[in-house]
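So the chains spell out like this:
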Amino acid sequence: MSLTQTVAEKTAELNMVWVAVACILVFLMQAGFMFLEIGFSRQKNAGTGVAKILVNFAICTIAWWAVGYGIAEGGGNEIFGDSGFFFHFDQTVAGELVTGETAMLMLYGLAFCAVSLAIVWGTTLERIKFGAYVVYAIVFGAVIYPLVAHAVWGGGLLSDIGGKPVMDFAGSSVVHLTGAVGALAALLLLGPRRGKYDAQGRPRAIPGHSMPLVGLGVIILWIGWFGFNGGSTFETSASFFGEVMLNTQLAAAAGVIGASLAVYLKGRAVDVGMAGNGAIAGLVGITAPAGFVEYWAAPIIGLVAGVLVVFAVLAIDKKVDDPVGALSAHGLAGIWGTLAVGIFASPRLISEGAGSGLWYGIFGDESLGSAFGQLGVQGLAVLFTFAVVFAISIATFFGIKKTIGLRVPAAEEDAGLDISSHGMYGYPEAFIPQPEYSTGLPEAVARPAASAPTPPRLAPEAG
Amino acid sequence: MKKIEAFIRHEAFEPIRAELLDRGFPSLSILEAKGSGRQKGIVEHYRGSTLTVNVRPKLKLEVVVEDEDCQVVVEAILRHARTGEIGDGKIFVLPVEEAIRIRTGESGHEVLQLHDGAEASA
């Protein structure tokens, strides 16, 4: 074997080591979503967040392996891929025999799909039926996310619009907007939590039970994002991932500053949750541009996202009940990030055939027409993502609502999903008085558990 | 003077509070209580075994008023706390010997609920 061959082989292997590291970081984001959502929930809905993340992650994995990966990455036509189903050894995917490298990339794709799915549930906390998670996770992992991923990254519709590809480096639209649109569809059919709006329709705060958990979630997500954006280079050449990671950090920092400043100027206090939302918004905003913009543009993108998220959360709260701000932090910041590519994309970094950003058309010598064209293509990606994801999601949630039901009964919502959906409390000692643990009761007093009448699990107060 | 102690469902409190405020009785206390009655308890499941919790969370509402106001308060509680299902709770009415406002040291009916010059705030 020649030296050149060996070097090429080792380079490919090194690349996959980086993707593997990145993949693990993105999987870690599941813990980030878990803590963020649990922190923003009340104590009585803490345990359900754990079960949801685990079950969703698991179902999404199987759905992606069986169907989703094939639709997303399996070549095929402009709408969906047609190979790679039930991924296995000796299989041909998009005309190539699978290798360990293919498996690694397939796993990395799953990590993105699972992040997108986790975003969906932010709007649904504290009132959704557990069964809805199960059904939607199958549809999302097998069809919804793969269709969008195929359109942009799998050689589909959006990879060539009049010669210009949509530039979405790591998925402001593909991952984050997709999740947020699913979240919107669920929310529209689900309605607000009990007590969220008063008789006059004015919103009231339902404070989450742990800002430290929210903070932990935000920081884990932030760290995971280095795998999310940095790994999307898929290679280590020229250490380009370093540029991407620095952009990611600059935007996240600016997001925190933007959101904290905006909320301070509005209410003379730095709201803890809003500072967290600002970090997420900055990160979502830079997800699409991360590999296409210069360092100076990253803080601008993050700052705008951070300010945007504060006003969006306040405006959205007046109409619909989004307990974690997913529609703002992932949806609107995702749209902003996708469009920001069309504004700031550097001629040095753009994809083949793409137009550089508007900035370089106005202040540089790049073609302004081509820049507007690219901005239009980016806008088209937003519209496409919204239309496809909303249509399939609303149909799925409507089906769930008409069959197994989407929302728990009021009594179960009041009691909390931990005890009503899972039969146990996330924080038992907050709900069960110490004497009820029945330690040290004399035999004569303690009734054997078997003969004790079994009370109903919850409030339906039967006799 | 009478003290009204009512064990009620959590969700009944807000309408009761609003009505009592409207009728000029802003002073009240609530305590988170755990108790048992005819309503059965809750079974908690934990890693395959179960724990029967025999007491349920309720809210204890305490209001002290003049004798003649007692009926108004009791009626407000009955109106909002009754669902007709087991577990609506109970009301107890107790005699009170004395009431003293700590800030001024005044005692008697002056201390109870709204009086001239007092501020009502929602």
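Data block above holds the structure.
Residues numbered from 1 in each chain as written. Chains lettered and ligands numbered in written order. Predicted model: local features only at pLDDT ≥ 70, side-chain atom pairs only at ≥ 80, totals over all residues.

(A) Representation of the overall build of chain B within the structure. A tally of regular secondary structure across chain B gives two helices and six strands. Start at the N end of chain B and walk to the C end: the helices and strands fall as β-α-β-β-β-β-α-β. Expected size for 122 residues packed as a compact globule is a radius of gyration near 14 Å; at 17 Å, chain B overshoots this value by more than 25%. Along the longest, intermediate and shortest principal axes, the C-alpha atoms of chain B span 60 × 30 × 25 Å. Pairs at least 24 apart in sequence give 71% of the contacts found in chain B among residues at least 6 apart. (Helix = DSSP H or I, 4+ residues; strand = E, 2+ residues; numbered from the N terminus. Rg over C-alpha atoms; globule rule 2.2 N^0.38 Å. Contact = placed C-beta atoms within 7 Å.)

(B) Quick peek at the pairing of strand S3 (residues 42-46) of chain B. Residues and elements named next belong to chain B. Relative to strand S4 (residues 49-53), S3 is paired through five bridges, and the arrangement is antiparallel. Directly across from valine 43, in S4, lies its bridge partner threonine 52. Remark: two residues form the turn of the hairpin made by S3 and S4, two consecutive strands paired antiparallel; arginine 47 in that turn has positive phi of roughly 50 degrees. (Pairing = 2+ DSSP bridges.)

(C) Highlighting the nonpolar core. Residue and element names in this part refer to chain A. If you look at the biggest cluster of nonpolar residues, it comprises 142 residues, and the most contacted ones within it are Ala259, Leu308 and Val309. It is helix H4 (residues 130-153) that provides the largest number of residues to this core, a total of 14 residues. Contact partners of valine 309, with chain neighbours within four places excluded, come to Ala259, Asn277, Gly278, Ala281, Gly325, Ser328, Ala329 and Ala333. (Core = buried A, V, L, I, M, F, W, Y, C linked by C-beta atoms within 7 Å. Buried ≥ 20, exposed ≤ 12 C-beta atoms within 10 Å, placed from the backbone.)

(D) Highlighting unusual backbone geometry. Residue and element names in this part refer to chain A. Of note in the backbone geometry, alanine 94 takes a positive phi value of approximately 50 degrees without being a glycine. For alanine 94, the location among the structural elements is in the loop between strand S1 (92-93) and strand S2 (96-97). Positive phi, close to 45 degrees, is recorded for serine 239, a residue that is not glycine. Locating serine 239 in the fold gives a position in the loop between helix H6 (211-230) and helix H7 (240-267).

(E) Up close: the pairing of strand S1 (residues 2-8) of chain B. All names here are of chain B. Relative to strand S5 (residues 56-65), S1 runs antiparallel, the two being bridged by seven bridges. Counterpart to lysine 2 in the pairing with S5 is valine 65. Note that S1 and strand S6 (residues 90-95) share six bridges and pair antiparallel. Paired with lysine 2 across the two strands is proline 95, which belongs to S6.

(F) Representation of the sheet that holds strand S2 (residues 29-35) of chain B within the structure. All names here are of chain B. A sheet is described by the order of its strands in space; here four strands give the open sequence S2-S5-S1-S6, paired in antiparallel fashion. Pairing within the sheet leaves two strands with one partner each, and these edge strands are S2 and S6. Neighbour-to-neighbour, the strand axes of this sheet turn through a mean angle of 25 degrees, independent of strand direction. With seven bridges joining them, S2 and S5 adopt antiparallel strand pairing. Across the sheet, lysine 34 pairs through a bridge with proline 57, a residue of S5. Docked against the sheet, helix H2 (residues 70-81) engages S1, S5 and S6, running at close to 5 degrees with respect to S1. (Axes fitted to C-alpha atoms, helices over the stretch in contact; angles between N-to-C directions.)

(G) Broad picture of the packing of helix H2 (residues 47-73) of chain A against helix H3 (residues 100-120) of chain A. Residues and elements named next belong to chain A. Running from N to C, H2 and H3 cross one another at 125 degrees; their axes reach a closest spacing of 9 Å. The angle between the axes of H2 and H3 places the two elements in the oblique class. Considering the relative orientation of H2 and H3, their crossing is right-handed. On the side of H2, the interface is formed by Ile53, Asn56, Phe57, Cys60, Thr61, Trp64, Gly68, Tyr69, Ala72 and Glu73, while H3 contributes Met106, Gly109, Leu110, Cys113, Ala114, Leu117 and Ala118. Among the residues forming the contact of H2 with H3, the class breakdown is 12 nonpolar, four polar and one charged. (Parallel < 35°, antiparallel > 145°, perpendicular 65-115°, else oblique. Left-handed = near helix turned anticlockwise from the far one by under 90°. Nonpolar A, V, L, I, M, F, W, Y, C, P; charged D, E, K, R; others polar.)

(H) Here's a closer look at the environment of Gly47(A). All names here are of chain A. Residue position: glycine 47 is located in helix H2. Glycine 47 gets classed as buried once you count the C-beta atoms within 10 Å, which come to 23. Taking the C-alpha atoms as reference, glycine 47 lies 5.6 Å from aspartate 418; in sequence the two are 371 residues apart. Not counting residues up to four positions away in its chain, the partners in contact with glycine 47 are Asp418, His422, Met424, Tyr425 and Gly426.

(I) Examining H3(A) more closely. The end-to-end C-alpha distance of H3(A), which contains 21 residues, comes to 31 Å, matching closely the 30 Å that a straight helix rising 1.5 Å per residue would cover. Of all 21 residues in H3(A), 15 are buried; the element is thus mostly enclosed. (Expected span 1.5 Å × (residues − 1).)

(J) Quick peek at the environment of Val135(A). Here Val135(A) is to be found in helix H4. Spatially, the C-alpha atoms of Val135(A) and Thr396(A) are 8.3 Å apart, while their sequence positions differ by 261 residues.

(K) Seen up close, H6(A). Residues and elements named next belong to chain A. Here H6 spans 28 Å end to end across 20 residues, near enough to the 28 Å set by a 1.5 Å rise per residue. Of all the bends found along H6, the most pronounced is centred on glycine 224 and spans about 30 degrees. Counting buried residues in H6 gives 14 out of 20 residues, a clear majority hidden from the surface. (Bend = angle between axes of the 7 residues up to and from the residue.)

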